[in-house]
Amino acid sequence: MISQENSESRSQIAMAGPQRMPSLVALRCFEAAARLESFSRAADELHLTHGAISRAVRAVEQELGAPLFERRNRRVFLNASGRLLFDGVHAGLAQMARAAEAVRQQVADRPLLLSCEPTLLMRWLIPRWGDFQARHPQHTVHLVAGGGTVEWGRGIDLAIRRNDFDWGRNVQMQPLCAERMGPVCHPDSLAQFFALQSDGGLALRGDATRLHSKTRPKAWEDWWKTRPDQPPTRIRQAQAAGDLVLEHFYLSLQAAAAGLGVAMGPQLLVKDDIAAGRLVAPLGFVPDGSQYCLLAVQSWGAGSVQQLLVDWIQQQMKS
């Protein structure tokens with residue numbers, strides 16, 4: 001019979017919902033005042049005023065309906081009710097502090113995730129990545145390919161993108177380098193695709209096979225606007241009969257290296273191929289008005305792995 005009554009009582013308490021609690025801010029003020037036995041010292045620790053601590057403690061006392069301190073000679077001492085509350089609040093705040101620190105440590109130990117445009121990742125970043133790892137072996141950074149809008153909710157910490165889309169107002173941005181573009185082809189195909197002019201310069205032949213990509217369809221059109229010295233051939237057209245259209249930008253560069261035509265190449269992404277003799281850029285490179293940027297949703301401080309990465313990328317892009 002007693003067991004049944006106790007069960008019914010517990011059921012009624014559960015149905016009534018959680019008991020009303022003083023605010024966490026007020027309890028934190030109470031805990032500091034009780035631990036330090038001083039409202040003034042509690043105010044200094046929490047960066048509050050003496051009056052704010054006093055009001056918070058009074059609010060807790062009013063909420064619980066019982067005094068918690070005895071006040072003697074400008075000092076405060078816990079009474080029996082105060083000691084009971086202090087033991088629970090102190091233990092609870094300590095547990096919350098340990099949990100918060102565990103989360104911070106978990107985040108600190110998690111490898112940084114860097115998203116990078118696929119062509120830049122494949123042709124420029126990965127060949128140089130060993131240098132960053134050798135310089136900063138204590139930091140782990142994972143690389144993932146991605147273009148356009150950054151899906152920050154999927155754990156990405158940093159992203160390298162060209163500023164050719166709106167990435168939103170709440171994104172931190174660090175400029176890295178300007179994009180410079182120019183036609184590139186295989187060295188053995190130079191005479192096939194470019195004609196010598198009377199002034200000794202070169203011009204793209206009207207029948208040259210141009211290589212396009214679906215991911216940067218206006219690359220040729222944008223370049224033409226910067227080079228009015230080139231003959232007004234069908235370069236003005238986005239695409240023409242005989243041109244090749246490939247699915248991705250890096251495929252157009254690969255096709256150019258294979259001698260299939262002339263691709264529009266960013267200087268940053270073809271510099272290694274030019275140095276190795278796989279490609280030539282007979283007309284040089286000109287800025288197209290865009291730039292590569294490092295994006296993040298959270299700011300970073302000096303000495304952080306993010307700043308080390310920014311400094312390293314900028315140094316590599318200048319070399």
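Counting from 1, residues in each chain are numbered in the order their sequence is written. Reporting in this predicted model follows two pLDDT cut-offs: at least 70 for local features of residues, and 80 or more for side-chain atom pairs to be given and counted; totals over whole chains, interfaces and linings ignore these cut-offs and use all residues. Side-chain numbers come from the whole structure's heavy atoms, not from hydrogens or water.

Draft legend 1. Just unusual backbone geometry, in detail. Phi is positive for glutamate 37, which is not a glycine, with a value near 55°. Inspection of the secondary structure assignment puts glutamate 37 in the loop between helix H2 (24–36) and helix H3 (39–46). Owing to a relative accessible area of 30%, glutamate 37 belongs among the partly exposed residues under this scheme. A positive phi angle is found at histidine 47, which is not glycine, with a value near 60°. The helix count covers DSSP runs of H or I at least four residues long, the strand count covers runs of E at least two residues long, and both are numbered beginning at the N terminus. A simple rule labels every residue: compare its accessible area, found with a 1.4 Å probe on the protein chains alone, to the largest value its type can have, and call it buried under 20%, exposed over 50%, or partly exposed in between.

Draft legend 2. Main features of the packing of aromatic side chains. Here the aromatic set is Phe, Tyr and Trp, taking the six-membered ring for Trp, and pairing holds for ring centres within 6.5 Å; pairs whose planes are under 30 degrees apart are stacked, those over 60 apart are edge-to-face, and all others are tilted. Using the criterion set out here, one finds eight aromatic pairs in the structure. Seen from their ring centres, phenylalanine 39 and phenylalanine 69 are 5.7 Å apart, and the 80° between their planes marks the pair as edge-to-face. Here phenylalanine 39, found in helix H3, pairs with phenylalanine 69, found in strand E1 (residues 69–72); they are 30 residues apart in sequence, far enough to count as distant. Aromatic side chains tryptophan 220 and tryptophan 223 sit 5.9 Å apart centroid to centroid with 85° between the ring planes, which places their arrangement in the edge-to-face category.

Draft legend 3. Looking closely at the nonpolar core. In this structure, Ile160 and Tyr292 are the most contacted members of the largest nonpolar core, which totals 50 residues. The set of buried Ala, Val, Leu, Ile, Met, Phe, Trp, Tyr and Cys residues whose side-chain atoms join them within 4.5 Å is what this entry labels a nonpolar core. Formed by 24 residues, the second largest nonpolar core is a distinct cluster that contains Ala26, Phe30, Ala32 and Leu68.

Draft legend 4. The packing of helix H6 (residues 118–135) against helix H11 (residues 305–318), seen in detail. Interaxial distance between H6 and H11 falls to 11 Å at its minimum, and their mutual angle equals 130°. Between H6 and H11, the crossing angle belongs to the class labelled oblique. Where H6 crosses over H11, the handedness of that crossing is right-handed. Contacts from Trp124, Leu125, Arg128, Trp129, Asp131, Phe132 and Arg135 in H6 reach Leu308, Leu309, Trp312, Ile313, Gln316 and Met317 in H11. Each residue is assigned to one class: nonpolar for Ala, Val, Leu, Ile, Met, Phe, Trp, Tyr, Cys and Pro, charged for Asp, Glu, Lys and Arg, and polar for all the others, Gly among them. Residues of the contact of H6 with H11, tallied by class, amount to nine nonpolar, one polar and three charged. Axis geometry follows a simple rule: fit a line to the C-alpha atoms, using only the stretch in contact for helices, then measure angles between N-to-C directions, giving values from 0 to 180 degrees. Here the word oblique covers every angle except those under 35 degrees (roughly parallel), over 145 (roughly antiparallel) and from 65 to 115 (roughly perpendicular). Less than a right angle of anticlockwise turn of the near helix away from the far helix marks a crossing as left-handed, whereas a clockwise turn marks it as right-handed. We call two residues in contact when some of their heavy atoms are within 4.5 Å.

Draft legend 5. Broad picture of the sheet that holds strand E11 (residues 262–266). DSSP bridges decide pairing: two strands pair if at least two such bridges lie between them. Pairing within the open sheet is mixed, and its eight strands lie in the order E4-E3-E5-E12-E6-E11-E9-E10. If you trace the sheet from one side to the other, it starts and ends with strand E4 (141–145) and strand E10 (244–246), each paired once. Each neighbouring strand pair of the sheet contributes to a mean axis angle of 30°, computed without reference to strand direction. One ladder, built from three bridges, connects strand E3 (residues 112–116) with strand E5 (residues 158–162); its direction is parallel.

Draft legend 6. Broad picture of the pattern of salt bridges. Salt bridges are identified by distance alone: a Lys or Arg side-chain nitrogen within 4 Å of an Asp or Glu carboxyl oxygen. For the structure on display, the rule yields 16 salt bridges. The partner of aspartate 243 in a salt bridge is arginine 210, with the nearest N and O atoms 3.0 Å apart. One end of the pair, aspartate 243, is in the loop between helix H8 (219–226) and E10; the other, arginine 210, is in strand E9 (residues 210–213), and 33 residues separate them in sequence. Between lysine 214 and glutamate 247 there is a salt bridge, and its shortest N-O distance comes to 3.4 Å. Within this pair, whereas lysine 214 is found in the loop between E9 and H8, its partner glutamate 247 is found in the loop between E10 and helix H9 (249–257), the two being separated by 33 residues in sequence. For lysine 214, a relative accessible area of 54% gives the class exposed.

Draft legend 7. A look at the environment of phenylalanine 132. Note on placement: phenylalanine 132 falls in helix H6. Judged by its relative accessible area of 1%, phenylalanine 132 falls in the buried class. Each C-alpha atom of the pair phenylalanine 132 and tryptophan 312 lies 7.1 Å from the other, and the pair is 180 residues apart in sequence. Setting aside residues up to four positions removed in sequence, phenylalanine 132 forms contacts with Val141, Leu308, Leu309 and Trp312.

Draft legend 8. Looking closely at the side chain of glutamate 61. Here glutamate 61 shows up in helix H4 (residues 50–64). Here Asp and Glu are counted as negative and Lys and Arg as positive; His is not counted, and neither are the chain ends. Arginine 71 provides the closest opposite charge to the buried, salt-bridge-free glutamate 61, at an N-O distance of 4.1 Å. If near-sequence neighbours (up to four positions away) are discounted, glutamate 61 is found in contact with Ala66, Pro67, Leu68, Phe69 and Arg71.

Draft legend 9. Looking closely at the packing of H6 against H9. In the contact formed by H6 and H9, the axes pass within 8 Å of each other and the chain directions differ by 45°. Relative to H9, the element H6 lies oblique. Facing Thr119, Met122 and Arg123 of H6, the residues of H9 in contact are Phe249, Tyr250, Leu253 and Gln254.

Draft legend 10. How the structure looks around the pairing of E3. Here E3 lies mainly inside the structure; four of its five residues are buried. With five bridges connecting them, E3 and E4 associate as parallel partners. Along E4, the bridge assignment pairs serine 115 with valine 144. By definition, the crossover connecting two strands over a helix is right-handed if that path, from the first strand to the second, turns clockwise as seen with the strands pointing away from the viewer. Handedness of the crossover joining E3 and E4 through H6 is recorded here as right-handed.

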